[in-house]
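A closer look at the structure
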Amino acid sequence: SLHYSSWMTVIVTFDRFMTIHFPSRFIFLRNKKLISLIIVLIFILLTIIDIENAFYYLLITYDYQNVTKSEFYNGTWINNTYLELNSISKACTASSDILISSDIISIILRTYLPILIMVSLDIFIIKDVYLSKKRLKIRNHKKEMNFTLIVMLTNLLFFLVNGPLSICYILLNIYNYNKNLIENDDGSFMILLNFVFGITVHISYFYQSFAFFFNLLLNILFRNEVLMLIRLKKRENLLSKNITLTQ
């Protein structure tokens with residue numbers, strides 16, 4: 001779910017805030033097991049909030065067309081009209097109330113609430129790092145500051161990518177549930193809106209993977225963790241092969 005990616009960014013920003021704003025306090029929050037537990041709990045909470053998806057159902061639509069065929073019967077040609085199956089379409093849908101509530105929850109949880117939290121935390125971080133005249137007492141000061149800068153750049157990208165997508169979601173809902181707009185539109189506005197929506201969706205999906213490579217390229221701490229995991233995996237594979245050969 002896209003919610004999870006948004007809230008992972010919030011967790012990382014919160015970690016930066018705690019490191020910068022309270023460098024010598026709340027050390028227990030930097031425990032890996034506790035952080036993992038917090039992530040799991042957030043995932044469970046978001047899954048529970050998305051429970052409205054359980055009320056979706058599969059809608060199958062059969063499209064028929066009239067087909068006229070000429071047949072020779074008792075010495076004369078007779079035109080007979082038949083119903084012929086043209087296409088079958090399948091869609092996952094729900095009642096209008098559930099669709100609207102699902103979109104509202106999705107927009108709030110995926111975009112606006114994470115942005116609100118990240119902007120608030122970023123303001124405190126900027127105040128502590130750039131506006132405070134006292135020297136911050138943080139271990140590995142330079143690395144921590146570089147990591148903080150990367151996190152804030154990631155937050156900015158998150159806003160630039162998900163902001164237009166959420167606006168398109170809102171406009172589509174206004175259009176779909178406003179009969180006056182539908183009746184007065186010749187189809188051009190809907191085509192344009194769907195075109196822009198498609199572009200923003202693809203950019204959003206691209207961002208989900210781009211954030212990983214962005215951190216891999218610029219974030220030294222993140223890159224070291226990834227390389228460590230790769231080395232551990234290679235070591236496990238090598239150990240497994242040795243055990244197999246010994247057996």
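Scope of this entry: the structure provided in the associated data block. (Residues numbered from 1 in each chain as written. Predicted model: local features only at pLDDT ≥ 70, side-chain atom pairs only at ≥ 80, totals over all residues. Heavy atoms only, no water.)

Once that is clear, we can look at the packing of aromatic side chains. Summed over the entire model, instances satisfying the criterion amount to three aromatic pairs. Judged by centre distance (6.5 Å) and plane angle (35°), the ring pair of Phe 14 and Phe 17 falls under tilted. Of this pair, Phe 14 and Phe 17 both sit in helix α1 (residues 2-21), separated by three residues, roughly a single helical turn. Phe 14 gets classed as partly exposed once you look at its relative accessible area, which sits at 38%. Judged by relative accessible area, Phe 17 falls into the buried class, the value being 11%. The structure contains a cluster of three or more aromatic residues connected by ring pairs, namely Phe 14, Phe 17 and Phe 124. (Phe/Tyr/Trp six-rings, centres within 6.5 Å; stacked < 30°, edge-to-face > 60°. Helix = DSSP H or I, 4+ residues; strand = E, 2+ residues; numbered from the N terminus. Buried < 20%, exposed > 50% of the residue type's maximum accessible area, 1.4 Å probe, protein only.)

The next subject is a nonpolar patch on the surface. The grouping of Leu 58, Ile 60, Tyr 62, Tyr 64, Leu 83, Leu 85 and Ile 88 at the surface amounts to a nonpolar patch, some 720 Å² of accessible area in total. Broken down by secondary-structure element, the contributors of at least two residues to the nonpolar patch are β1 (57-73) and β2 (76-93). In terms of residue count, β1 provides more of the nonpolar patch than any other element does, four residues in total. With respect to the element layout, Tyr 64 can be found in strand β1. By relative accessible area, Tyr 64 is classed as partly exposed at 47%. (Patch = residues over 30% accessible without salt bridge, like charges linked within 9 Å, V, L, I, M, F, W, Y side chains within 5 Å. Areas by Shrake-Rupley, 256 points an atom, 1.4 Å probe, with all protein chains shown as cover. Salt bridge = Lys/Arg side-chain N within 4 Å of Asp/Glu carboxyl O.)

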